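Overview (structure and organization)
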Amino acid sequence: MTATSRTVVRIGIIGAGMAGQAHAFGYRNAMMATDLADVDVVLHTIADPNLALAETVAHRYGFAHATADIDALLADPEVDAISVALPNHLHKDVLPRVIASGKHLFAEKPIGRTPAEAEHLAELAEGSAAVTGVGFSFRRLPGLAAVAQAVRAGAIGEVHTVRAWYNADYAADPAGALSWRYSQELSGGGALLDIGAHAIDAAQFVAGQVTRVLSSTLRTVIAERPLPAAGAIGHGGSTSVEHGPVTNDDIALLTTQFENGAVGQITLSRIAHGVPNSLGVEVFGSAGSISFDSISAGEFHLFEASLSQPGASAAGRGFNGARRVITGPDHPYFTDVAAMPGAGVGTGYAEAFTAEIQEFLRCVRDHRPMDTDFATAVRMMAVVGAALDAAASGAAVDVGSRARFSTTAAAQPA
């Protein structure tokens, strides 16, 4: 590439719901990264079967066109890259078509509903010359990325204990509409997959691969919900007087083993009253501990045991404790997403979408794989599959060679 050459990337988004709008936000703000000064991002088309919604989102985020015809978008030679943000059960049909189009693809997590679907889609992606990435957005938060960086650098020594969680309250109201998220067939998992995908990926991002699910408990607390009166968007939607059954889990509790022998707990709840949205990771090692909670995304906490060891000053031993670290320009992604890139100005979940889109665009420009590729999604889905199998059997299940069951685990109503 010469000093005057530029890369033009014309963007289409399939899905105008909550996740699709987050992707649109990311593309609109991607040029905050100075190293992308040689990239021109063209906001081309929003596609959604609900044309009125597609038109509204296109206008709001500055896309030139809206359509209800996904195939027309994929056939459009003016579009270079596609984001897909659709309900889980539609990935099996739509993602192969995007891959076959030859356009670069950025898919919202998860890819498919089962390990088998994810593996099939990953095989298709491997055969494509285009960039194929998956949106594990929490990895792009500067605080969580800094925690992973510190653990890999040995700041807390050899990891022996991992705790990860994702608590949210979007499903805490029993009057909430029975959307696809509450169907095991359509979603592939309740809290275990809908939000657990992020927590499982975060745990593996920080502490290494989960190799065994030692135990798994899935529970449905709200056993039925009112049917939607119209198509629900995000977690909302109007409801009718009729009700239907919830067929997946509200709560998931996993005990896990990691590749280095560390043990972990992953706790997930979509009915956590008073906690609107909190993903966290806490890691203990032979030389300290480190933790992050997305609800306080502009900071993380680090404890270094060496400051309390013999030989440290008496003052150090007496006053040592977990240190609050405020994120800033020294941490990953920060300078590319913060409106004023100085320590302490804060970043949140919106910036994570900007950062992941920036990384996708770098990969498109540089013709290189994305670090969160389809194989990353397969590794996450393998843990979900093992958790379903462990809950069904009551026995531990290896992630690499999972036992197969004829039916998935049924969450038990309260």
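This structure is a prediction, so every number in the text was calculated from the model and none was measured.

**Side note on the overall build of the protein chain**
- Each helix and strand counted, the protein chain has 13 helices and 18 strands in total.
- The C-alpha atoms of the protein chain give 22 Å as radius of gyration, which agrees with the globular expectation for 414 residues (22 Å, within 12%).
- Considering only contacts within the protein chain whose residues lie at least 6 apart along the sequence, 70% involve residues at least 24 apart.
- In the form shown here, the protein chain has an accessible surface area of approximately 16800 Å², with 54% of it arising from carbon and sulfur atoms.
- Charge-centre separation for the protein chain: the mean point of 27 positive side chains lies 3 Å from the mean point of 41 negative side chains.

**With respect to helix H4 (residues 91-101)**
- Among all positions of H4, only His91, Val94, Leu95, Val98 and Ile99 are buried. Seen along its axis, H4 keeps its buried residues to an arc of 135 degrees; they face one direction.
- On its buried face, H4 sits against strand S1 (7-14), helix H3 (70-75), strand S4 (81-84), strand S5 (104-108), helix H5 (115-126) and helix H13 (374-393).

**Regarding the nonpolar core**
- By size, the foremost hydrophobic cluster in this structure holds 89 residues, and its most contacted members are Ile14, Leu144 and Phe374.
- With 12 residues, the single largest contributor to this core is H13.
- If we skip the residues at most four places from it in the chain, Phe374 touches Ile99, Leu105, Ala107, Ile111, Leu121, Ala122, Ala125, Thr132, Gly133 and Val134.
- In terms of nonpolar packing, the next biggest core, distinct from the first, is built from 28 residues, Ala33, Leu43, Ala54 and Phe106 among them.

**Considerations on the environment of Glu78**
- With respect to the helices, strands and loops of the structure, Glu78 is situated in the loop between H3 and S4.
- Since its relative accessible area comes to 42%, Glu78 is described here as partly exposed.
- Residues Glu78 and His44, 34 residues apart in the sequence, show an inter-C-alpha distance of 8.4 Å.
- Setting aside residues up to four positions removed in sequence, Glu78 forms contacts with Arg10 and His44.
- For Glu78, the side chain forms a polar contact with the side chain of His44, separated by 3.0 Å.

**Quick look at helix H1 (residues 18-29)**
- An ideal rise of 1.5 Å per residue puts 16 Å on 12 residues; H1 measures up with 17 Å between its terminal C-alpha atoms.
- Every buried residue of H1 is accounted for by Gly20, Gln21, Ala22, His23, Ala24, Gly26 and Tyr27.
- On the buried face of H1, the contacting elements are S1, strand S2 (39-47), helix H2 (51-61), S4, S5 and helix H12 (349-366).

**Structural notes on unusual backbone geometry**
- The peptide bond linking Lys109 to Pro110 adopts the cis configuration, its omega dihedral lying at -15 degrees.
- Positioned with a positive phi, Tyr333 is a non-glycine residue whose angle comes to about 70 degrees.
- A positive phi is found at His367, a non-glycine position, where the angle reads about 55 degrees.
- Overall, His367 belongs to the exposed group, its relative accessible area being 69%.

**Details of the pattern of salt bridges**
- For the structure shown, the criterion picks out 20 salt bridges.
- With a shortest N-O distance of 2.8 Å, Arg362 and Asp336 are connected by a salt bridge. Of this pair, Arg362 sits in helix H12 while Asp336 sits in helix H11 (residues 334-337), placing them 26 residues apart in sequence. The residues Arg362 and Asp336 share a single accessibility class, namely buried.
- In this structure, Asp366 and Arg365 form a salt bridge, with 2.8 Å as the shortest nitrogen-oxygen distance.
- Given the relative accessible area of 35%, Asp366 is considered partly exposed.
- By relative accessible area, which is 13% here, Arg365 ends up buried.

**A word on the confidence of the model for the protein chain**
- Predicted confidence across the protein chain gives a mean pLDDT of 92, with 91% of residues reaching 70 or more.
- Note that residues 401-414 has pLDDT below 50 and, in this model, 29 contacts with residues that lie over four places away or in other chains.

**Structural notes on the environment of Ala68**
- Note on placement: Ala68 falls in the loop between strand S3 (65-67) and H3.
- For the pair Ala68 and Arg28, spaced 40 residues apart in sequence, the C-alpha to C-alpha distance is 21 Å.
- Those residues in contact with Ala68 that lie beyond four places of it in its chain are Asp48, Pro49 and Leu51.

**Observations concerning the environment of Tyr166**
- Here Tyr166 is to be found in strand S7 (residues 159-168).
- A relative accessible area of 4% places Tyr166 in the buried class.
- Considered as a pair, Tyr166 and Ala191 are 25 residues apart in the sequence and their alpha carbons are 8.7 Å apart.
- What Tyr166 contacts, discounting residues up to four positions off in sequence, is Phe138, Ile195, His198, Ala199, Thr267, Leu268, Ser269, Asn277, Ser278 and Leu279.

**With respect to the packing of H1 against H2**
- Where H1 contacts H2, the axes come no closer than 10 Å and their chain directions differ by 25 degrees. As the angle between them shows, H1 and H2 are arranged roughly parallel. Considering only the axes of H1 and H2, their crossing is right-handed. Packed against H1, whose contacting residues are Gln21, Ala24, Phe25 and Arg28, the element H2 presents Leu53, Val57, Arg60 and Tyr61 at the interface.
- Looking at the contact of H1 with H2, its residues break down into 5 nonpolar, 1 polar and 2 charged.

**Digging into the packing of aromatic side chains**
- In the structure shown here, the tally under the stated rule is 4 aromatic pairs.
- Arranged with centres 5.3 Å apart and planes meeting at 40 degrees, the rings of Phe106 and Phe360 form a pair that is tilted. With Phe106 in strand S5 and Phe360 in helix H12, this pair connects stretches of sequence that are 254 residues apart.
- Taking relative accessible area as the criterion, Phe360 reaches 0% and is therefore assigned buried.
- Between Phe138 and Tyr349 the ring centres are 4.5 Å apart and the planes differ by 20 degrees, which places this aromatic pair in the stacked class. Taken together, the residues Phe138 in the loop between strand S6 (132-135) and helix H6 (142-152) and Tyr349 in helix H12 connect sequence positions 211 residues apart.

Cut-offs applied
Residues numbered from 1 in each chain as written. Predicted model: local features only at pLDDT ≥ 70, side-chain atom pairs only at ≥ 80, totals over all residues. Heavy atoms only, no water. Helix = DSSP H or I, 4+ residues; strand = E, 2+ residues; numbered from the N terminus. Rg over C-alpha atoms; globule rule 2.2 N^0.38 Å. Contact = heavy atoms within 4.5 Å. Areas by Shrake-Rupley, 256 points an atom, 1.4 Å probe, with all protein chains shown as cover. Lys, Arg positive; Asp, Glu negative; His and termini not counted. Charge placed at Lys NZ, Arg CZ, Asp CG, Glu CD. Buried < 20%, exposed > 50% of the residue type's maximum accessible area, 1.4 Å probe, protein only. Arc of directions from axis to C-beta. Core = buried A, V, L, I, M, F, W, Y, C linked by side-chain atoms within 4.5 Å. Polar contact = N/O pair within 3.5 Å; in protein donor to acceptor, adjacent residues only side chain to side chain. Expected span 1.5 Å × (residues − 1). Salt bridge = Lys/Arg side-chain N within 4 Å of Asp/Glu carboxyl O. pLDDT = per-residue confidence, 0-100. Axes fitted to C-alpha atoms, helices over the stretch in contact; angles between N-to-C directions. Parallel < 35°, antiparallel > 145°, perpendicular 65-115°, else oblique. Left-handed = near helix turned anticlockwise from the far one by under 90°. Nonpolar A, V, L, I, M, F, W, Y, C, P; charged D, E, K, R; others polar. Phe/Tyr/Trp six-rings, centres within 6.5 Å; stacked < 30°, edge-to-face > 60°.

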